[in-house]
Structures are given as C-alpha cells and as structure tokens.
Amino acid sequence: MSDSPVRYAPGWPGIPPRWTSSAKTGVGTALNQHSKVWFTISHGILNEVYFPRVDQACTRDFGFIVTDGKSFFSEEKRHCTFENRPSEPGIPLYLLTNTAVDGRYRIYKEVLTDPYRNVVLQKVRFEPLKGALADYRLYALLAPHLANCGYHNTGWVGDYKGLPMFLAEHHGTALALGCSANWKKMSVGFVGTSDGWQDLNSHFQMEWEYTRAENGNIALTGEIDLAACKGEFLMALGFGGLWTEAGQHTRSTLFEEYDELRQHYVFHWRNWQSTLIKLDQPEREADLYRSSTAVLRTHESKDFLGGIIASLSIPWGFNKGDEDLGGYHLVWPRDLVETAGALLAAGAPQDAVRVLRYLEATQEAEGNWAQNLWLDGRSYWSGVQMDETAFPILLFDLLRRENAPGLGKLERWWPMVKSAAGYIVRNGPVTQQDRWEEDAGYSPFTLAVEIAALLAAAEIAELAGHGDAAATMRDVADAWNDNIERWTYAVGGDLAQQLGVEGYYVRIAPPPTETAASPTQGFVPIKNRPPGENNVERATHLVSPDCLALVRFGLRAPDDPRILNTIRVIDALLRVQLPEGPCWYRYNGDGYGEHKDGSPFDGTGIGRPWPLLAGERAHYELAAGRPKEAEALLAMMEQCPTGQSRALPEQVWDTEDIPALELFKGKPSGSACPLVWAHSEYVKLRRSLRDGTIFDQPAQTVKRYQFERAVRRTYGWRFNNKARRIPHGKTLRLMLPKPVMVHWSLDAWKSSQDTNARDTGLGIYRLDLPTASLPAGSEVVFTFYWPQESRWEGKDYSVRVE
C-alpha cells in the first residue's frame with residue numbers, strides 16, 4: 001500500500017471540529033498501569049478515547065454506517081435503539097446491542113481495552129434481521145481528535161509490517177486502526193467535505209478512496225469485508241507517541257487470543273471489587289454501588305497516581321470545539337477529596353491514600369491548591385476557592401481516624417497540613433470563589449469546610465507537638481464560627497415574611513462595604529445570565545442548599561432553628577418534583593444549564609437540578625434522624641440514569657420532554673455525565689446509611705460546637721476582612737500578613753501605644769487590642785508601621801464597639 005500514489009483529500013481543513021454528546025452510558029479502562037487508554041460510550045458507539053493520560057482526549061467518536069450499496073443509508077448512532085450493560089456489576093466491560101429502528105439489522109459489540117497495551121478493543125458481530133448478510137455493507141467511521149484537538153490532525157491509509165491500517169498523528173500523539181477482517185476500501189477525508197459520511201450519504205457506497213488528509217479536521221472510513229469474516233470481527237484502536245508505536249500495539253493485540261485478553265481484563269477488575277465492603281448487600285433494584293466504585297477508579301491517572309479527573313466528558317460537547325481544551329477532564333481538588341472519601345467509605349483505603357499523596361505533591365508553594373489543574377499540576381483556571389485548600393486537611397484527618405493502611409507517620413503529613421492551614425488563616429474566611437466557582441464572599445459551605453479543617457489541623461498540630469499553632473488555629477476557627485450567622489444569616493426582609501420564617505442562611509454574602517454594614521445587605525453578581533437581564537441580586541434574595549454543610553461538617557445541629565428555617569426557604573424556592581422524586585437546584589437564578597428551548601449552555605442558560613444535591617440532602621435527613629427519607633432520596637439518585645446506563649449526571653432535565661434533543665424529565669441533561677462527584681456522594685451515602693451516621697463528618701466540630709459550645713472572646717480584623725464594628729465585650733484581634741508594629745489608641749489619639757504583633761508560626765502575625773471593657777459606642781483607632789519596608793501605612797483604621 002505504501003507504493004501506491006498518494007491521493008490527497010480535497011476540502012481542507014474541513015468544518016470546525018466539535019466534540020460529542022456528554023451523556024455517556026459507559027466509561028472504562030484496564031485496572032493496571034500497562035494500558036494507558038480510557039474509553040467512553042454513548043449512543044451505542046465509542047466516543048472520546050483518552051491517551052496517554054486520562055486528561056487528554058484523542059478521538060471524537062467511532063461507529064458504523066450500514067448501507068445496501070444502492071439506496072439504504074443508516075448510521076448506527078442515529079438510527080438505532082441501544083442496549084448497554086456491563087458484563088457483570090462493577091466491571092467496565094460493556095455488552096452493546098444496537099438495533100436499527102426500521103428492524104433491518106442488529107450490531108452486537110463487546111468493548112474493553114487490552115490490559116497490556118494501549119489499545120481499545122471491540123468484538124463485533126453484524127446480524128441482518130431482514131435479508132441476508134450479502135445484502136449489506138458495513139463501514140467503520142472514526143474521527144481523530146488527537147491531543148485534545150480536532151484541528152491539525154493528519155491521517156493516511158497505510159500499513160504496519162504489511163497489515164493495512166488507518167493511521168493519524170498530531171502533536172506527538174498517534175493512533176492506528178486495524179481490523180481482524182479485510183478492508184475492502186479505505187479513505188481519509190476532511191469532515192463535512194470529503195469524509196466517508198458525505199460519500200456514503202450521497203452514494204450509498206464508497207466512491208472516494210483518498211489516502212491522505214493533512215492538518216485538518218479529519219475522518220477515517222473503511223469498508224469491512226462482511227462476507228469473508230461472516231459478520232464477526234475485531235476492531236483494534238491503538239495509540240502511541242509515534243505512528244509506528246500505535247501500529248505495533250494494534251497489530252500485537254490482533255495477534256492475541258481475544259478470550260484471553262478479556263479474561264485478564266475482567267480478572268483485574270473482579271479482584272479489586274472483591275476487596276470492597278459489600279454495601280450492595282442486599283442488592284437494590286437499581287443498585288449503583290458497583291458501577292459507582294468502577295467509575296471512581298476508571299477516572300484515575302496511571303502516571304500521576306491518585307490524580308482523578310472530574311469526568312470523562314465535555315459538557316454540551318456537541319456544541320464545543322478546540323477552544324474548550326479542558327472540558328471536565330481536569331482535577332478539581334474538591335471533587336478529588338470527595339472521591340477519596342468515597343473510596344475510603346467503600347473499603348479501598350490504599351486508593352484513598354494515593355489521592356492524598358497526589359494532593360501533597362500538587363500543593364502550591366503558598367499552601368493552597370489550584371482551582372483546577374492538569375494531572376501534572378499545571379493550573380487551568382486561576383481562581384482561588386478556600387474550601388479546596390481546606391478539604392485536603394479533612395481528608396488526611398479522615399484517613400487518620402480510620403487508621404488507613406499505608407498512611408505512614410503523622411510527621412510526614414504535618415508540613416502539608418500546616419501549609420494549608422496557614423493559607424486558610426491568612427486568607428480566610430472570605431473566599432474568592434464559592435464552590436460553584438462563581439462569586440466571592442462569605443459562603444456557608446466554604447465557612448463550614450474552613451472551620452472544620454482548622455479544628456482538624458489543630459488536633460494534628462497537637463499530636464505533632466506544635467501546641468502554639470494548634471491554639472492559633474482553634475482561636476481562628478472559633479472566631480469564624482461565632483460569626484457565621486453575623487455574616488450569612490439574614491433576619492427579616494421580604495423573603496422571610498413571604499415564607500413565614502424569622503430568617504435564613506443566604507447563598508453567599510459579600511464583605512461589608514461603606515453602603516452595606518451587614519454582609520447580607522450587599523449585592524451578589526449572578527453569572528451566566530444573558531446581556532440585558534439583571535445580573536446583580538441582593539444577597540438576601542439568593543439561597544442555596546449549601547448551608548446544609550453546617551450540619552454535614554458538624555458546626556450546627558440538624559434541629560437548629562436557623563437550619564430549619566432555611567430548609568423551609570430552600571424547599572420553597574429550589575426543590576423540584578421529578579418523576580424519580582424530589583431534587584434541588586444550586587441556587588435561585590442559576591444560569592448554568594440549557595436554555596428554555598433545550599438548546600445547549602453557551603455561556604448563558606438556566607440551571608437544572610443536581611442529583612448530588614439529593615445525596616447531600618439525604619445526609620442531612622439521616623443526621624436529623626429520618627433514615628427513611630434518606631433512603632427515598634438514595635432511590636431518587638438511582639433512577640436518574642437513562643435506560644440501562646448506570647452513569648449519574650451533573651444535572652437532570654426538569655421540564656417537559658424534548659425528544660428531538662434527547663431531553664427527558666428527570667434524566668440526564670447535556671451536562672457532564674458521569675460526574676465522579678455525584679458517584680462519590682452516592683457511595684458515601686450508602687456507607688452512611690449502613691452505619692446510621694454521616695461517614696465523613698469531622699468529630700472535632702461536633703464536640704466543640706454542639707457539646708462544648710466553645711465561644712471566642714475575640715473578634716478578628718484583617719486586611720481581607722476589615723471589621724468596622726465589634727460586639728460589646730470582645731477583644732479586637734488584628735491578624736496581619738507580615739512583621740508589623742501597631743500604633744493604636746482607645747481615646748481618639750489623645751494617647752497612643754506602639755505594640756509589635758506576634759508571629760504565630762503560620763505566616764501571620766497577631767495582636768490583641770484591649771477593647772473588651774470599652775463601653776458601647778467607643779472606638780479604637782490604629783495604623784501600622786512596616787519595619788521590613790521602613791514605612792508607615794499612611795492610613796488610619798477604626799472599629800466601633802456595638
């Protein structure tokens with residue numbers, strides 16, 4: 001074949017590339033480090049295949065087209081009904097059955113990876129339901145998107161050591177597509193102009209046989225010799241850094257006994273599943289436990305051990321191109337800790353410890369973690385979310401309390417914990433972004449995680465022999481805990497009156513300004529709203545289920561009247577009844593979701609319900625002593641996947657069905673699916689229900705704030721949270737970023753004192769001013785001299801006693 005003249009495909013560079021449906025019905029990989037490929041399935045065909053890392057997609061999709069050579073054209077992914085089931089629970093070897101809607105044919109597939117090579121393997125059987133095998137022609141259609149890129153791919157018809165193959169490469173990544181059956185015809189073209197789909201749709205047979213298409217959006221099309229193979233064959237899609245490497249992997253796999261490869265693939269997964277806690281006994285009708293644990297492990301890197309991405313999908317991928325480089329195949333530290341907690345809950349402590357080691361290695365020099373990152377630690381987005389710095393502390397504490405094997409000595413982890421806790425102390429309590437990655441301010445969820453992490457870090461510090469640091473961490477935690485309601489609980493107002501409650505926790509409150517003395521009286525920007533719509537709301541008009549974290553992390557009791565009030569507001573504004581049961585929105589006015597007509601999110605839209613929020617609510621119901629309600633919400637989560645799929649989505653559709661857009665009420669929307677975070681919440685809920693208590697609830701917060709009821713006598717002031725008022729009877733505590741002398745007065749500068757702030761050992765300096773005995777209406781004023789820079793602040797600050 002290499003001696004044939006090159007026939008270049010016309011129509012360069014092809015239409016703009018797009019990814020594909022995010023509604024995956026299956027994801028899989030071999031459970032070892034030899035095979036560095038991951039596959040996804042949707043609409044009965046392969047979608048994105050990832051290589052050599054789980055954060056690098058290399059294909060758009062790979063399916064079949066069926067014709068009769070004269071007048072019949074049928075594309076498998078568009079013109080079939082689909083059945084998809086794993087070979088057994090918890091093993092991502094998928095048995096696909098795709099039946100033509102007109103009843104003319106059926107395609108059976110088994111999809112897995114070669115456990116020892118970088119190859120995705122499909123065992124295929126084509127069965128005519130009308131007519132004979134000779135009446136049909138079958139074509140494979142593959143769209144390379146190598147190295148996360150649909151453009152700039154080059155493909156050609158070639159061979160490896162005499163075995164005909166399709167080959168493609170881009171940016172140091174290559175693929176090779178081989179078949180155990182003979183290729184009758186082969187062609188490479190540009191998508192939308194000279195690709196095989198265009199040819200077959202027009203001519204019902206391959207009339208174009210182009211051998212090369214360079215530097216564009218390409219597709220590979222080959223006719224399989226059905227007669228020679230009697231309708232049964234293997235397809236091997238191999239990858240490598242060079243085309244020769246990909247070709248070698250592909251040819252090697254085709255030489256192996258399929259049944260032996262299948263047996264080894266299943267053995268590794270079955271062996272791991274056998275080590276897990278049997279939380280699925282007795283098995284539930286729509287049990288997702290084994291499939292969920294498989295989803296968690298499938299998303300883990302094989303080079304950067306413990307690195308687990310958020311999803312092997314690109315939300316609304318069919319509407320996104322090369323500009324959406326990351327999709328959800330990135331690491332979010334918050335999601336990663338949630339996943340590690342689920343692995344621990346399922347009885348896989350070694351896997352959870354691997355996650356902690358990954359976090360240890362990717363911690364930033366300042367002590368925080370990036371908002372999200374590639375597996376090698378490079379940050380993708382640049383935001384700072386304080387909960388993502390707190391969560392790794394809580395993970396270590398949970399592993400420590402569960403006596404996880406392989407954790408090692410506490411001293412090994414103290415530097416990571418100290419650095420993270422120091423970052424929280426220096427930069428909290430306000431977060432640059434809430435957990436929904438949208439707004440800055442005081443978030444009940446973030447506050448709960450920050451405070452819980454500081455108490456956990458304090459206990460770790462004491463065990464490591466650092467009592468001073470422990471005292472500082474507890475002081476800060478107590479001070480912030482005392483102010484949660486001051487910062488985030490709105491009393492009175494139109495919404496409270498309308499719903500008949502005294503008050504409620506807001507979604508997020510901005511720091512106080514000159515025009516809004518209370519944070520809850522401030523204004524919050526609303527993201528993802530179209531131009532012309534109101535994109536700013538009063539904090540008091542926005543609520544979220546996020547406040548349930550105050551119970552989940554042990555800061556407030558489930559029957560706290562303020563929690564009960566807020567639940568009434570949440571259920572009035574955010575609860576939606578779906579056929580599967582109740583579910584909740586992230587917050588009122590959310591714009592992250594499809595438009596009203598079902599068209600994809602494009603920067604604006606309407607937020608839809610999140611099944612993981614049903615899991616969080618179930619944890620609250622369990623804490624409140626209502627396990628039956630928690631069980632009902634577990635069942636709701638189990639009904640969210642479509643058909644035989646066991647993949648939990650990020651969001652579900654919440655209004656009338658739109659069949660043309662595959663949007664059905666209570667079923668996955670075009671958002672990420674599967675969402676690893678949702679599966680993690682499901683697994684933890686199974687463990688919590690079995691234990692009768694919240695599995696990942698920190699012990700320190702419950703003890704300190706619900707039993708000991710510790711209250712601080714200090715009130716904090718810092719540059720990122722400048723208090724302008726202090727409650728009567730409190731000592732004003734200045735928390736400052738570097739060595740400083742404080743020049744201060746209690747009598748409007750009639751007299752003054754100079755005092756140096758004390759180093760806490762956490763990268764912050766502390767000074768208490770004696771305000772506890774001042775009468776209401778008094779004022780303390782102060783300014784700063786920075787000795788390292790030999791300069792005065794040049795500005796006075798004041799705080800009034802309430």
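Along each chain, residue indices are assigned from 1 in the same order as the chain's sequence is written. Two thresholds apply to this predicted model, a pLDDT of at least 70 for residue-level local features and 80 or more for giving and counting side-chain atom pairs, whereas whole-chain, interface and lining totals are computed over all residues. No hydrogens and no water enter the side-chain calculation; it runs on all heavy atoms of the structure.

Student: Describe unusual backbone geometry, listing the residues and the values that go with them.
Tutor: Note the cis peptide between Phe51 and Pro52, where omega equals -10 degrees. Numbering of helices and strands runs from the N terminus; a helix is a DSSP stretch of H or I covering at least four residues, while a strand is a stretch of E covering at least two. Here Pro52 lies in the loop between strand 3 (45-50) and strand 4 (59-67). With omega at 0 degrees, the peptide bond leading from Gly428 into Pro429 counts as cis. Its place among the elements puts Pro429 in the loop between helix 9 (410-427) and helix 10 (444-463).

Student: An account of the pairing of strand 9 (residues 119-128) is needed here, citing residue identities and associated values.
Tutor: One ladder, built from nine bridges, connects strand 8 (residues 105-113) with strand 9; its direction is antiparallel. Bridging from a neighbouring strand, Leu112 pairs with Leu121 of strand 9. Where strand 8 folds back on strand 9, the antiparallel hairpin that results is connected by five residues. Sheet analysis places strand 9 next to strand 17 (residues 232-240), joined by seven bridges and oriented antiparallel. Bridge assignment links Val120 to a residue of strand 17, and that residue is Leu237. Pairing between strands requires that DSSP locate at least two bridges from one strand to the other.

Student: I'd like a rundown of the state of the cysteines, residues and numbers included.
Tutor: The criterion for a disulfide is a pair of cysteine sulfur atoms lying within 2.5 Å. The full count for this structure, using the stated rule, is zero disulfides. Between Cys547, a cysteine without a disulfide, and Cys583, which holds the nearest cysteine sulfur, the sulfur-to-sulfur distance is 16 Å. For Cys547, a relative accessible area of 1% gives the class buried. With no disulfide of its own, Cys640 lies closest to Cys583 among cysteine sulfurs, the gap being 6.0 Å. Whether a residue is buried, partly exposed or exposed follows from its accessible area with a 1.4 Å probe, protein chains only, as a fraction of its type maximum: under 20%, in between, or over 50%, in that order. By relative accessible area, which is 0% here, Cys640 ends up buried.

Student: Which residues make up the pairing of strand 13 (residues 173-179), and what values go with them?
Tutor: Of all seven residues in strand 13, seven are buried; the element is thus mostly enclosed. Of the two faces of strand 13, the one holding Thr173, Leu175, Leu177 and Cys179 and the one holding Ala174, Ala176 and Gly178 are both buried throughout. In this antiparallel pair of consecutive strands, strand 12 (residues 163-170) and strand 13, the connection spans two residues, and His171 shows a positive phi of 50 degrees. Pairing geometry for strand 13 and strand 17, over six bridges, is antiparallel. Counterpart to Gly178 in the pairing with strand 17 is Ala236.

Student: Can you tell me about the packing of aromatic side chains, naming the residues and giving the values?
Tutor: We call Phe, Tyr and Trp rings a pair once their centres come within 6.5 Å, taking the six-membered ring for Trp, and we label the pair stacked below 30 degrees between planes, edge-to-face above 60, and tilted otherwise. Within the structure shown, the criterion is met by 38 aromatic pairs. Ring centres of Phe166 and Trp183 lie 5.2 Å apart, and the angle between their planes is 80 degrees; this geometry places the pair in the edge-to-face category. Taken as a pair, Phe166 in strand 12 and Trp183 in strand 14 (residues 183-190) lie far apart in primary sequence, 17 residues in all. A relative accessible area of 1% places Phe166 in the buried class. Assessed through its relative accessible area of 12%, Trp183 is described here as buried. Three or more aromatic residues joined by ring pairs form one cluster here, namely Trp717, Phe719, Phe782, Phe784, Trp786 and Tyr797. Note on criteria: charge over ring means Lys NZ or Arg CZ within 6 Å of the ring centre, with the direction from the centre no more than 35 degrees off the ring normal. Taking NZ or CZ as reference, Arg104 lies 3.8 Å from the ring centre of Phe72, over its face. Sitting over the ring of Trp272, Arg297 keeps its end group 5.1 Å from the ring centre.

Student: Can you explain the packing of helix 15 (residues 611-623) against helix 17 (residues 676-691)? Please cite residues and give values.
Tutor: To get an axis, fit a line to the C-alpha atoms, keeping to the stretch in contact for a helix; angles then go from 0 to 180 degrees between the N-to-C directions. Look at helix 15 against helix 17: their axes get within 9 Å of each other, and the N-to-C directions meet at 20 degrees. Overall, the two elements helix 15 and helix 17 adopt an arrangement that is roughly parallel. Helix 15 and helix 17 meet at a crossing whose hand is left-handed. Contact residues: Leu612, Gly615, Glu616, Ala618, His619 and Leu622 in helix 15; Trp677, Ala678, Glu681, Lys684, Leu685, Ser688 and Leu689 in helix 17. Grouping the constituent residues of the contact of helix 15 with helix 17 by class yields seven nonpolar, three polar and three charged. Relative orientations are named as follows: roughly parallel for angles under 35 degrees, roughly antiparallel for angles over 145 degrees, roughly perpendicular for angles from 65 to 115 degrees, and oblique for any other angle. Two helices that cross are described as forming a left-handed crossing if the nearer one is turned anticlockwise from the farther one by less than a right angle, and a right-handed crossing if clockwise. Should any heavy atoms of two residues lie within 4.5 Å, those residues are considered in contact. All residues other than Ala, Val, Leu, Ile, Met, Phe, Trp, Tyr, Cys, Pro, Asp, Glu, Lys and Arg, Gly among them, are scored as polar; the first ten of these are nonpolar and the last four charged.

Student: Kindly report on the pattern of salt bridges, identifying the contributing residues and their values.
Tutor: By salt bridge we mean one thing: a side-chain nitrogen of Lys or Arg within 4 Å of a carboxyl oxygen of Asp or Glu. Inspection of every chain in the model, using the stated rule, returns 63 salt bridges. The salt bridge involving Glu638 is made with Arg284; its shortest N-O contact spans 2.8 Å. A residue pair is termed long-range when its members are at least 10 positions apart, and Glu638 in helix 16 (residues 627-638) and Arg284 in the loop between helix 4 (258-274) and helix 5 (289-298) qualify at 354 residues. For Glu638, a relative accessible area of 7% corresponds to the buried category. Among the ionic pairs, Arg297 bridges to Glu300, the shortest N-O distance being 3.3 Å. Each member of the pair, Arg297 together with Glu300, is buried.

Nothing here speaks to function; it is geometry throughout.
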